[in-house]
Amino acid sequence: MPAVKPDELKEIFNLYDEELDGKIDGTQIGDVVRAAGLKPTNTMVAKASGKEYKKKGEKRLTFEEFLPIYEQLAKEKEQGTFADFLEGLKVFDKEECGKIMAAELRHVLLGIGERLSKDQVDEIMKGTEDGEGMVNYEAFIRKVLAGPFPDRE
């Protein structure tokens, strides 16, 4: 079931139409579906689109071409729960104090699983590190799961 109504989805799609030609760049598919409230991995986006677009300008999609990709991603099972992520990060909590080293978390995000870029890691870690270089991982997980627009419904 789609996270947003079709007219709202079209509006979100149009926000990413930088050339004002009724199309988005193939590299923006993930951004648009995430702005619409879905949380797919990059691998899920590539699978639903039939291809991973790495270069801007490689392919532009109309809303009609984008809609089936969005609908496919809307049907996908949610990726990971709070408990799953908590269990994964507890491994790094050597003192069992609810905190892990920020450098270690950064290393995990950059090098394990679906790797993030340095800029992506900087963005999601912004404001999470305390004065001792530690991160409260429960708060971090909540922040990440809330997505880029935590105040939105």
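Residues numbered from 1 in each chain as written. Predicted model: local features only at pLDDT ≥ 70, side-chain atom pairs only at ≥ 80, totals over all residues. Heavy atoms only, no water.

Naming follows an unreviewed UniProt entry, where the chain appears as EF-hand domain-containing protein of Mesorhabditis belari.

A few words now on the nonpolar core. Membership of the largest hydrophobic core comes to 21 residues, with the highest contact counts inside it found for L9, I24, I29, F66, Y70 and L73. Elements with a minimum of two residues in this core: α1 (6-15), α2 (29-35), α3 (42-49) and α4 (63-75). Apart from residues no more than four positions distant in its own chain, F66 is found in contact with L9, F13, I24, I29, V32, V33 and L61. (Core = buried A, V, L, I, M, F, W, Y, C linked by side-chain atoms within 4.5 Å. Buried < 20%, exposed > 50% of the residue type's maximum accessible area, 1.4 Å probe, protein only. Helix = DSSP H or I, 4+ residues; strand = E, 2+ residues; numbered from the N terminus. Contact = heavy atoms within 4.5 Å.)

For the structure on display, the rule yields 12 salt bridges. Two residues, E104 and K94, come together in a salt bridge whose shortest N-O distance is 3.2 Å. Residue E104 is located in helix α6 (residues 102-111), and its partner K94 is located in the loop between α5 (82-90) and β3 (99-101); the two are separated by 10 residues in the primary sequence. Here K94 falls in the exposed class, since its relative accessible area comes to 63%. (Salt bridge = Lys/Arg side-chain N within 4 Å of Asp/Glu carboxyl O.)

This next bit is on the packing of aromatic side chains. The geometry of two aromatic rings is summed up by the distance between their centres and the angle between their planes. In this structure the tally under the stated criterion is four aromatic pairs. Between F13 and F66, the ring centres sit 5.5 Å apart and the planes meet at 45°, which makes this aromatic pair tilted. Here F66 lies in helix α4 and F13 lies in helix α1, a separation of 53 residues in the sequence. Residue classification places F66 among the buried residues on the basis of a relative accessible area of 0%. Considering the side-chain rings of F66 and Y70, the 6.2 Å spacing of their centres and the 35° angle between planes classify their relative orientation as tilted. (Phe/Tyr/Trp six-rings, centres within 6.5 Å; stacked < 30°, edge-to-face > 60°.)

Non-glycine residue L20 carries a positive phi angle of around 55°. The exposure class assigned to L20 is exposed, which follows from its relative accessible area of 72%. Residues other than glycine seldom take positive phi values, yet E96 does so here, at roughly 50°. Tracing the sequence through the fold places E96 in the loop between α5 and β3.

Attention shifts here to the environment of R106. For R106, the position within the fold is in helix α6. Distance in space between the C-alpha atoms of R106 and L116 is 9.5 Å, their sequence separation being 10 residues. Setting aside its immediate chain neighbours within four residues, R106 contacts V121, D122 and M125.

If you check UniProt for "domain: EF-hand" (unreviewed entry), the listed places come out as residues 4-39 in our numbering. Its end C-alpha atoms 13 Å apart, residues 4-39 is made of 47% helix and 8% strand. (UniProt positions renumbered as here; feature names shortened; annotations may be inferred.)

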